[in-house]
Amino acid sequence: MNIKIGAKIKALRKRDDITQERLAEVLGVTSQAVSKWESENGYPDIEYITPIANLFNVTIDYLFDHDTAEKRRKVQDYLTQYGKRQLDKPRPDDEQIALMRQALAEFPAEESLLLKLAEALYWKWISCGQWNKTQNGYEIPDVVMNKSPGYWEESMKIMEELLTSSTDDNIRGQCRYWLASIYGAVGEKEKLLAVAEKCGSIHSCKEEILSQSSWGEDGIRYKQEYLSALFTPLQNTLRLLAKRAGADAENKAFTILFNLHELIFRDDCGIHSHWLTFLYECYAHSLIDNNKPDEAVKAFKQAFVHAKKFAEFAGGTSEKTNTSPFTNLLKQSININNNFNPGSEVHGLLEILTKYKYQSLGENADFAALVKEVEDWVAERG
């Protein structure tokens, strides 16, 4: 970093009408030393930094940075660049890791940047594949395979250090969330239990407290927020438990989830079309596993319907009100920017379809027609 502390001292000295000789006298140094600082031929020893800041009534950050506000702007610019790539791609990649390393070279120890680097490393690890195996009838992580790709170790170390040093509850909460996932996958059961113990119960979380303790329109809005927040963990937990219970139970579980979506969000899902796209993709995978290719194609068609709805929502206004009585007080919004591709859900679906094009569904005529339709949509809209 190009430190201009000498220029800052000179500007502050002139602001307060203090001579170099007087400043030197107050600090107990020679006037030649002050002159060297101001001409950028040397820096004050560390012991003089606090007295200089106190004398001119400024922060130490102000002395070392051209402008604290400018630093915040630059940090936010890095975070925005990271977010643009994340919105356009399902997961961060090497480019995002490199971006955060560049940012931290300029702003070492900046917590928000460290968290994003840890997150990018985590998703890079996930993109290499998560492996499970069956033991005594239960699915458990394949620890050896999960440890093999790397990336998780650096991610874990960064977040463990943030968990110790940060006073920001939001950062600490996010670290616990990502660390729990890592600990579970690499077999660190004691660490997983320890980090979970630090988290609040679902019955004492912010959304629960606000939904039960607020009244009037605020109370309804908080209840709607709580319901919306509960739906994602419910659908993920139910479909995974149903998979273990067998094909019939899994089929019933997906039917229930689709009906719940219709009840809570109606057909006006907005950003929640992302989750319906995902659910129909998962349902199609299940049907393929159970040797029901025709039904799987129908599920993929529904995934395409909702992926297009998401593109319509994301490509339109950045805020939308749902018409459902269960969510009508909530504002659905998405961070729109120039690098965001509203068709990202369709692109993701096409990747999945392309995989099955050369596997189990390759000979299915309806499937081939669907792939062609999705390819045409992507070619036309990008």
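One can find the structure itself at the top, above this paragraph.
Notes on the structure in this doc start here. All values derive from a computational prediction rather than experimental measurement.

## Some points on helix α18 (residues 344-357)
Here α18 is 14 residues long and its end C-alpha atoms lie 20 Å apart, about the 20 Å a rise of 1.5 Å per residue gives. Turning to α18, its buried residues number three or more, namely Ser-344, Glu-345, Val-346, Leu-349, Leu-350, Ile-352, Leu-353 and Tyr-356.

## Looking at the packing of helix α16 (residues 273-289) against α18
Between α16 and α18, whose axes approach to 11 Å, the crossing angle comes to 10 degrees. Here α18 runs roughly parallel to α16, going by the angle between their axes. Between α16 and α18, the residues in contact are His-274, Thr-277, Glu-281, His-285 and Ile-288 and Glu-345, Leu-349, Ile-352 and Tyr-356, respectively. Taken together, the residues that form the contact of α16 with α18 break down as four nonpolar, three polar and two charged.

## Considering the packing of aromatic side chains
Throughout the structure, instances matching the rule amount to 15 aromatic pairs. With a centroid separation of 5.7 Å and 65 degrees between ring planes, the pair formed by Tyr-122 and Trp-125 is classed as edge-to-face. Within this pair, Tyr-122 and its partner Trp-125 are both found in helix α8 (residues 111-127), separated by three residues, close to a single helical turn. You can call Tyr-122 buried: its relative accessible area is 6%.

## As for the environment of Glu-188
You can see Glu-188 is positioned in the loop between α11 (169-185) and α12 (189-197). Among the residues examined, Glu-188 registers a relative accessible area of 31% and is labelled partly exposed.

## Looking at the nonpolar core
Counting 34 residues, the largest nonpolar core has Leu-113, Trp-125 and Ile-182 as its most contacted members. Elements supplying a minimum of two residues to this core: α6 (68-88), α7 (94-106), α8, α10 (152-165) and α11. In terms of residue count, the dominant contributor to this core is α8 (nine residues). Of all hydrophobic cores here, the second largest spans 32 residues; its members include Phe-254, Leu-276, Val-346 and Val-371.

## Some details on the environment of Gly-246
Note on placement: Gly-246 falls in the loop between α14 (216-245) and α15 (247-265). With 12 residues separating them along the chain, Gly-246 and Phe-258 place their C-alpha atoms 18 Å apart.

## Quick notes on helix α19 (residues 365-381)
Under the 1.5 Å per step criterion, the end-to-end length of α19 is 24 Å for 17 residues, consistent within 8% with the ideal 24 Å. At its buried positions, α19 is contacted by α17 (293-314) and α18. A side-chain oxygen of the first residue of α19 lies 3.0 Å from the backbone nitrogen of Asp-366; this N-cap is Asn-364.

## Looking at unusual backbone geometry
Comment: phi is negative for the bulk of residues other than glycine, and the bulk of peptide bonds are trans. Although it is not a glycine, Asp-17 sits at a positive phi angle of roughly 55 degrees. You can see Asp-17 is positioned in the loop between α1 (5-15) and α2 (20-27). One non-glycine residue, Glu-40, lies in the positive phi region at around 65 degrees. Mapping Glu-40 onto the fold places it in the loop between α3 (31-38) and α4 (46-56). Residue class for Glu-40 comes out partly exposed when judged on its relative accessible area of 32%.

## Some thoughts on the side chain of Thr-327
Along the polypeptide, Thr-327 turns up in the loop between β3 (319-321) and β4 (331-333). Look at Thr-327 and you get buried, because its relative accessible area is 2%. For Thr-327, the residues in contact, after removing those within four places along its chain, are Gln-224, Ile-264, Phe-265 and Asn-322.

Scoring rules and cut-offs
Residues numbered from 1 in each chain as written. Predicted model: local features only at pLDDT ≥ 70, side-chain atom pairs only at ≥ 80, totals over all residues. Heavy atoms only, no water. Helix = DSSP H or I, 4+ residues; strand = E, 2+ residues; numbered from the N terminus. Expected span 1.5 Å × (residues − 1). Buried < 20%, exposed > 50% of the residue type's maximum accessible area, 1.4 Å probe, protein only. Axes fitted to C-alpha atoms, helices over the stretch in contact; angles between N-to-C directions. Parallel < 35°, antiparallel > 145°, perpendicular 65-115°, else oblique. Contact = heavy atoms within 4.5 Å. Nonpolar A, V, L, I, M, F, W, Y, C, P; charged D, E, K, R; others polar. Phe/Tyr/Trp six-rings, centres within 6.5 Å; stacked < 30°, edge-to-face > 60°. Core = buried A, V, L, I, M, F, W, Y, C linked by side-chain atoms within 4.5 Å. Polar contact = N/O pair within 3.5 Å; in protein donor to acceptor, adjacent residues only side chain to side chain.

Honestly, it's all geometry; don't read function into it.
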